[in-house]
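Chain and residue survey
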Amino acid sequence: MTRDIWTRWPAREALTQEELTRPRRLLTWVVRAVFISMLLWSTFARREMPGWGLALALFVIILCAGAAAWFIHVTLERRIWPALMSWGVLLLAGVAAQGAGLDTPAAVLWCACAMFALERLPLAVGVIGALTSLGAFAVVNEDPWPTTVAVTVGLGLAGYVLRMDAEARGNAQRLLAQERAARAAEAESAALGERARIAREIHDVLAHSLSAQLVHLEAARLLIERDADREQVLGRVVAARAMAAEGLAETRQALSALRGEMTPVEDFLRELARTDGASVAVSGERRALPAEASQAVRRVAQEAMTNVRKHAPGAKVTVCFAYGEGEVALDVTDSGGAPGEFAASGAGYGLLGMRERAELLGGSLETGPEDEGFAVRLRVPG
């Protein structure tokens, strides 16, 4: 782990300015402008240069700016040798400036080399580079040695603090990116869950409606094959049409339920029982139910009534709904009867789908013969 600290590059997020705030980015540009202004002022102020000397000085300044820009670029790409070459150009430019008698530009370049090395290179390489550039500064500096030591140590600490600040900023940006990715995944999962819920609701509504229509249409077909009375056939067709209209209304109701616009469950059950001539009993303290629990009760009741029409037409049906402690219960029982002529119509997957719906909610659905009839018992949290 210690070796990794000395050899790893700073994180790319720590070296880029993409996520910097506007004030901090502005401060960075101000510092750079001050640095360049110091170089220009110390180079040209109070000094007379011949034309060729001025041109050479401008060339060196442009070369240093290009080397610094290239150093920043290659450290982002973690290319050690190009980074060392561009850093070496800045170091040698400082040596050349010192040889030409430009003490201040030389000191600024060496200090910049130290800060660059500590902030943007692997720590082992950065420390060596900082010691080299600050050592050159200390050798030629004419201040008293305590001052020189204090300045060099302070610059080294400042470079290391910059590195730690950049690493902290990079870690914060990585955590922020991970949080954003997690939120995006959570939102996508919620959207997929909502789509599955909508698809399940629409499927159950259409399965109930189409199954009921199929019952009547199958009856109409059998009546036609037997040359039954026209009024009997017409009655079945009209009933199928009514079921289609009812299915459309239920689809709209399901969509309204998904938006939170639902009538109370007991009112729905009474209306459903009135249509099929069943009796309804409601017990317990009435309360608002979660949308999915309410929809499960509605769909199971519809499926159970459809099965009665198909398998025991004319049977006496009892619907019992109870508000329990932490759950609701629905029992649909019939008295039994002779199967209809079209009892085999339909795919037979309705109650299976209802059982899966109940289990997804943490509840249960039990179905089976009871006495002379059939019983459907639903328990869901709510």
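Here goes a summary of the coordinates provided. Every chain is numbered on its own, with residues counted from 1 as its sequence reads. Two thresholds apply to this predicted model, a pLDDT of at least 70 for residue-level local features and 80 or more for giving and counting side-chain atom pairs, whereas whole-chain, interface and lining totals are computed over all residues. Each side-chain value is worked out from all heavy atoms of the structure, with water and hydrogens disregarded.

Some details on the overall build of the protein chain
Scanning the protein chain for helices and strands turns up twelve helices and five strands. Exposure classes here rest on a 1.4 Å probe applied to the protein chains alone. A residue is buried below 20% of its type maximum, exposed above 50%, and partly exposed in between. For the protein chain, the residues scored as buried account for 38% of the 382 residues in total. Put simply, 68% of the contacts in the protein chain that link residues at least 6 apart link residues at least 24 apart. Every helix listed is a DSSP run of H or I at least four residues long, and every strand listed is a run of E at least two residues long, numbered separately from the N terminus. Contacts are assigned to residue pairs with any non-hydrogen atoms lying within 4.5 Å of each other.

Considering the nonpolar core
Grouping buried Ala, Val, Leu, Ile, Met, Phe, Trp, Tyr and Cys residues that are joined through side-chain atoms within 4.5 Å yields what is termed a nonpolar core. Of all hydrophobic cores here, the largest spans 28 residues; its most connected members are Leu 269, Val 297, Phe 321, Leu 330, Val 332 and Leu 378. At the level of elements, α10 (265-276), α11 (291-311), β2 (317-323), β3 (327-334), α12 (350-360) and β5 (373-381) are the ones that each hand at least two residues to this core. The residues touching Leu 378, leaving out its near neighbours within four places in the chain, are Ala 296, Val 297, Val 300, Val 328, Ala 329, Leu 330, Asp 331, Ala 358, Ser 364 and Leu 365. Among the nonpolar cores identified, the runner-up in size contains 22 residues, and Trp 9, Ala 68, Leu 90 and Leu 109 belong to it.

Structural notes on unusual backbone geometry
Even without being a glycine, Arg 78 presents a positive backbone phi close to 60°. Assignment of secondary structure puts Arg 78 in the loop between α4 (51-76) and α5 (80-99). Taking relative accessible area as the criterion, Arg 78 reaches 44% and is therefore assigned partly exposed.

Considering the pairing of β5
Sheet analysis places β3 next to β5, joined by seven bridges and oriented antiparallel. For Val 332, the partnering residue across the bridge sits in β5 and is Val 376. By the bridge criterion, seven bridges tie strand β4 (residues 364-370) to β5 in an arrangement that is antiparallel. The residue of β5 that forms the bridge with Ser 364 is Arg 379. Strand pairing requires that DSSP identify at least two bridges connecting the strands.

Quick look at the packing of aromatic side chains
Between 30 and 60 degrees the pair is tilted, below 30 it is stacked and above 60 it is edge-to-face, where a pair is any two Phe, Tyr or Trp rings, Trp via its six-membered ring, whose centres lie within 6.5 Å. Counted under the stated rule, the structure contains two aromatic pairs. For the pair Phe 71 and Phe 116, a centre-to-centre distance of 5.3 Å together with 35° between the ring planes defines the contact as tilted. Here Phe 116 lies in helix α6 (residues 103-120) and Phe 71 lies in helix α4, a separation of 45 residues in the sequence. Each of the two residues, Phe 71 as well as Phe 116, counts as buried. Pairing Phe 321 with Tyr 323 gives two aromatic rings, centres 5.0 Å apart and planes at 75°, and the pair type is edge-to-face. Look at Tyr 323 and you get buried, because its relative accessible area is 9%. Only lysine NZ and arginine CZ atoms are considered, and such an atom sits over a ring when it is within 6 Å of the ring centre and within 35 degrees of the ring normal. Positioned above the aromatic ring of Phe 268 is the side chain of Arg 298, whose terminal nitrogen or guanidinium carbon lies 5.1 Å from the ring centre.

Quick word on the pairing of β2
Only one face of β2 is covered, namely the face carrying Val 317, Val 319, Phe 321 and Tyr 323; the face carrying Thr 318, Cys 320 and Ala 322 is uncovered. With five bridges joining them, strand β1 (residues 279-283) and β2 adopt parallel strand pairing. Within the sheet, the bridge partner assigned to Val 282 lies in β2 and is Phe 321. Place the viewer so that the strands point away; then a crossover is right-handed whenever the path from the first strand over the helix to the second strand goes clockwise. Handedness of the crossover is the feature at issue here: the chain leaves β1, passes through α11, returns alongside β2, and the resulting connection is left-handed. Bridge count between β2 and β3: seven bridges; the pairing is antiparallel. Paired with Phe 321 across the two strands is Leu 330, which belongs to β3.

What about the environment of Ile 61?
The residue Ile 61 is located in helix α4 in this model. Taking the relative accessible area as the measure of exposure, Ile 61 reaches 21% and is therefore partly exposed.

Concerning the pattern of salt bridges
The rule for a salt bridge is simple: a side-chain nitrogen of Lys or Arg has to be within 4 Å of a carboxyl oxygen of Asp or Glu. In total, this model carries eleven salt bridges according to the counting rule given. Residue Arg 230 pairs with Glu 231 through a salt bridge whose shortest N-O separation is 4.0 Å. The same class applies to Arg 230 and to Glu 231, which are both exposed. With a closest N to O distance of 2.4 Å, Arg 274 and Glu 271 form a salt bridge. Of this pair, Arg 274 and Glu 271 both sit in helix α10, separated by three residues, roughly a single helical turn. Classification of Glu 271 by relative accessible area gives partly exposed; the value is 44%.

Description of the packing of α5 against helix α7 (residues 123-140)
When two helices pack together, their arrangement is given by the angle between their axes and by how far apart the axes lie. Geometry is summarised by axes, namely lines fitted to C-alpha atoms with helices restricted to the contacting stretch, and by angles between N-to-C directions that run from 0 to 180 degrees. Here α5 crosses α7 at 5°, and the two axes come no closer than 11 Å. Comparing their axes, α7 and α5 come out roughly parallel. Within the contact between the two elements, α5 uses Ile 80, Leu 84, Trp 87, Leu 91 and Gln 98 and α7 uses Val 125, Gly 129, Thr 132, Ser 133 and Val 140. Each residue receives one of three labels: charged for Asp, Glu, Lys and Arg, nonpolar for Ala, Val, Leu, Ile, Met, Phe, Trp, Tyr, Cys and Pro, and polar for the others, Gly being one of them. Across the contact of α5 with α7, the residue classes tally to six nonpolar, four polar and no charged. Orientation categories follow fixed angle ranges, with anything under 35 degrees roughly parallel, anything over 145 roughly antiparallel, 65 to 115 roughly perpendicular, and all other angles oblique.

Looking at the packing of α6 against α7
Where α6 meets α7, the axes come as close as 7 Å, and the angle between the chain directions of the two elements is 165°. Between α6 and α7, the interaxial angle falls into the category roughly antiparallel. As for the relative orientation of α6 and α7, their crossing is left-handed in sense. Contacts between α6 and α7 involve Ala 107, Trp 110, Cys 113, Ala 114, Ala 117 and Leu 118 on the former and, on the latter, Gly 126, Val 127, Gly 129, Ala 130, Ser 133, Leu 134, Ala 136, Phe 137 and Val 140. Of the residues assigned to the contact of α6 with α7, the class counts are twelve nonpolar, three polar and no charged. By the definition used in this description, the sense in which the near helix is turned from the far one sets the handedness, with an anticlockwise turn below a right angle giving left-handed and a clockwise turn giving right-handed.

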